[in-house]
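# Architecture and fold: a report
So the chains spell out like this:
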Amino acid sequence: MTTMTDPPKASFKLSMLLNDTRYRSYTFQFIALILLIAAMAYLGSNLAQNLRDAGLNISYDFLGEPSNYDINQSLIEYDSRSSHWRASLVGVLNTLLVAFLACITATIIGVVAGVLRLSNNWLVRKLMAGYVEAFRNVPVLIWILIIYTIMTAVMPAPRDFRGDDAEASMILGSFAFTNRGVYMPKPLLDPLGWMVVGVFVASIIGMFAYRRYATKLLYDTGKLLPMGWPSLVILFVPAILAFFILGRPIELEYPELGGFNFNGGIQVLGSLIALWFALAIYTGAFIAENVRAGIQAVSRGQTEAAAALGLRPRRVMNLVVLPQALRIIIPPLISNYLNITKNSSLAIAVGYMDITGTLGGITLNQTGRAIEAVLLLMLFYLVISLAISGVMNVYNNTVRLKER
Amino acid sequence: MTKTVFLGALTVAGLTAGAAAAATLDDVKARGTLNCGVTTGLVGFAAPDANGEWGGFDVGVCRAVAAAVLGDPTAVEFVPTTGKTRFTALASGEIDMLARNTTWTFSRDVDLKFEFTGINYYDGQGFMVPKELGVSSAKELDGATVCIQTGTTTELNLADYFRKNNISYQPVPIETNAEGQQQYLAGACDTYTTDASGLAATRAAFEDPSEHVILPEIVSKEPLGPLVRHGDNEWGDVVRWTLNALIAAEERGVTSANIAELAAAPTESPEINRLLGTEGNLGEMLGLEADWAVKAISAGGNYGELFEKNIGENTPVGLARGLNAQWTEGGLLYAPPFR
């Protein structure tokens, strides 16, 4: 063994783990890892020990048992004989619904308010500043409760719509705003009706195709095609034609007062509206600040250069400033979307049955499986949050600075 | 070596956890106060008055236990709990006992590992509606919007009742009784359902209680009682027999007015003597003073006195004794013998 003639190696000494910069970071990382594992193991075994002492076990069998409770809003078929698992699924969909609605609305509110905060008009600027400060600095739970209380206290009860000289009446004979929510007409689609919907979807695709063609033509040949009115024509005319040619296959089912409530039509629960708008205006204020920051971060020279080329202010904003500002706006926007999704768990304050209300609320209570339910809940929010940031990161990659 | 230290720490943690689970009686004595879980506010059962003093029927049970164990009916820390938080609060040891109109059910007793120590109110679930709706039976509630406290047995009974009668409803889940009251009065729901006693108590707090009726249907059995953690039988015995002492005292005619006289010297009734500690050593068996029951009964009176004072017919809640009368008067109250 000693016959080998390798270059003499500096023998490894234990002290090098601390003193040698090559190894030091590994040492500390290793120690941190050990501590982390130890802490988790301690908590885990403590949990197991306490459960054993209390004679309890961890089991997810309860998910298959009938839930025995009803849920006021479910996007899929559900009744009290369905399983706890299905009740959780109803909750998941309700969470996703309110998160989706609130994200869209918050983005619209945020972008409008953010752009208007930079307006040259003093009044508009100050109004938007007031909006941002007022809504950003009051907890979202308070906003949810305020909107819900206003809805239940101010709006008329369904029974006020009854009688000849009723205290309240339906708007346009088809919309009823009550303290239990908003009732609106529901389109009834037969197979021909679905064809009309199909035509409309095709029109949307056609419109985008036309716009892309027009842009390409502009870049290739410099020929400018009109954008505005042809888009509208492509969007609406085929669908309207199809609707009449096929003999008006779409009917509306109007809500009607019967028994205790309005029947028929679509009911949008008051709790959903309260939660949706509260989340939207609250997060909208944060997004407005992101948008403002993003726009202001674009160098002034860009605006001036674009103006010098003869672009009008609107085009400067749309073609030069916003595309660059988006790069700065998107990353914080992701975290705002995540906030909306997580804040939607405040739903129970107004009795909206989201996942925290079904799995983390009633199911947890009725089965007493607190640890199991909470672990599942954590898993769900984790998956949803990672999915949202995954999708947004893909979008971010498409708008970020392409370095050449 | 790290491993040894780690395992050692685990063992210690396990031991302390094990120790914390038992001997609630010693803990309460050492602490000097009883942590008692009650509702967040239900007039007649448990609600703070204008001075912040808790009072009510359930509160009376807490005070009786505190008096029996600590000799002081005011040595109680009241912990308001919602329908959702109550079991976690009890299981985690945050409270020593729960007296919060909690229904005794099989799964709570067996699966959730609690021990119900008796029944202090025989109740059933009912419906309250505004008079103007003209509803006279719960079967006419087809399509109604129903306010319901979430995390309670009423939620399950409601679903069962409507399904059985093949009628539909829309639930509005709420967290606390106060919230339910607000929603119901605003007309956000047509009817409010909970235990009939709770409905009576809620209605008593309305501006004009006569505008609202409680429908005749009682859709479920709701035996309400105090409960403790499973596995600490000594503590369970203390709470159980304190409640029984209150019930037995009414049966034997021992009231807060005459108890001092009866406890001063042995009377002719041996059961009263054993109850009040002038004969035998029942208190010692429980690990308490000989006059534990005297203190418990003096705290707020016997069962009947507590009932009349807090929820009886002369109070705004106005409940009749009904099932909650002594067995000698056609009710269900039947305390086992003190011997």
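Please read these numbers as outputs of a predicted model, since none were measured by experiment.

What counts as what
- Throughout this description, residue numbers start from 1 for each chain and increase along the sequence as written.
- The lettering of chains begins at A and the numbering of ligands begins at 1, in the order of writing.
- It should be noted that, the model being predicted, local features are given only for residues of pLDDT at least 70 and side-chain atom pairs only at 80 or more, the latter also being counted only at that level, while totals for whole chains, interfaces and linings use all residues.
- Strands are runs of DSSP state E lasting at least two residues, helices are runs of H or I lasting at least four, and both sets are numbered from the N terminus onward.
- Computation of the radius of gyration draws on C-alpha atoms alone. For the globule rule, the value is 2.2 Å times the number of residues to the power 0.38.
- Partly exposed residues are those falling between the two cut-offs: more than 12 but fewer than 20 other C-beta atoms within 10 Å of their own, whereas 20 or more means buried and 12 or fewer means exposed, with C-beta atoms placed from the backbone.
- With C-beta atoms placed from the backbone, a contact is any residue pair whose C-beta atoms sit within 7 Å.
- For the domains described, the bounds stem from an automatic or database domain assignment.
- Residue classes follow a fixed rule: Ala, Val, Leu, Ile, Met, Phe, Trp, Tyr, Cys and Pro count as nonpolar, while Asp, Glu, Lys and Arg count as charged, and any other residue, Gly among them, counts as polar.
- Note: two strands are recorded as paired if DSSP finds a minimum of 2 bridges between them.
- Note on geometry: axes are lines fitted to C-alpha atoms, helical ones only across the stretch in contact, with angles between N-to-C directions running from 0 to 180 degrees.

## Topic: the overall build of chain A
Counting secondary structure elements, chain A contains twelve helices and seven strands. In terms of C-alpha radius of gyration, chain A reaches 29 Å, well past the compact-globule figure of 22 Å for 404 residues. Dimensions along the principal axes, computed over C-alpha positions, put chain A at roughly 105 × 75 × 45 Å. The proportion of buried residues among the 404 residues of chain A is 28%. Long-range pairs, those at least 24 residues apart, make up 66% of the contacts in chain A with a sequence separation of at least 6.

## Some words on unusual backbone geometry
Residues and elements named next belong to chain B. In the Ramachandran plot, Asn101 falls in the positive-phi region, its phi being about 25 degrees despite a non-glycine side chain. Checked against the element boundaries, Asn101 lands in the loop between β5 (97-98) and α5 (106-110). Backbone geometry places Lys113, a non-glycine residue, at a positive phi of 65 degrees. Tracing the backbone through its elements, the reader meets Lys113 in the loop between α5 and β6 (114-116).

## Let's talk about the domain arrangement of chain B
Residues and elements named next belong to chain B. Its domain assignment divides chain B into domain 1 (21-122 + 241-329) and domain 2 (125-220). Relative to domain 2, the C-alpha centre of domain 1 lies at a distance of 29 Å. In this complex, domain 1 contributes 19 residues to the contact, which on the side of domain 2 involves 16 residues. Its residues placed into classes, the side of domain 1 that touches domain 2 shows eight nonpolar, ten polar and one charged.

## Remarks on the sheet that holds strand β11 (residues 191-195) of chain B
Residue and element names in this part refer to chain B. Pairing in this open sheet of five strands is mixed, and the strands run β10-β9-β11-β8-β12 from one edge to the other. Lying at the two open borders of the sheet, with one neighbouring strand each, are β10 (169-174) and β12 (212-214). Each adjacent strand pair in this sheet contributes to an overall mean axis angle of 30 degrees, direction not counted. The pairing of strand β9 (residues 144-149) with β10 spans six bridges and is parallel. Note that in β10 the partner of Thr145 across the bridge is Gln170. This element, helix α8 (residues 196-204), spans β8 (125-130), β11 and β12 of the sheet and lies at about 125 degrees to β11.

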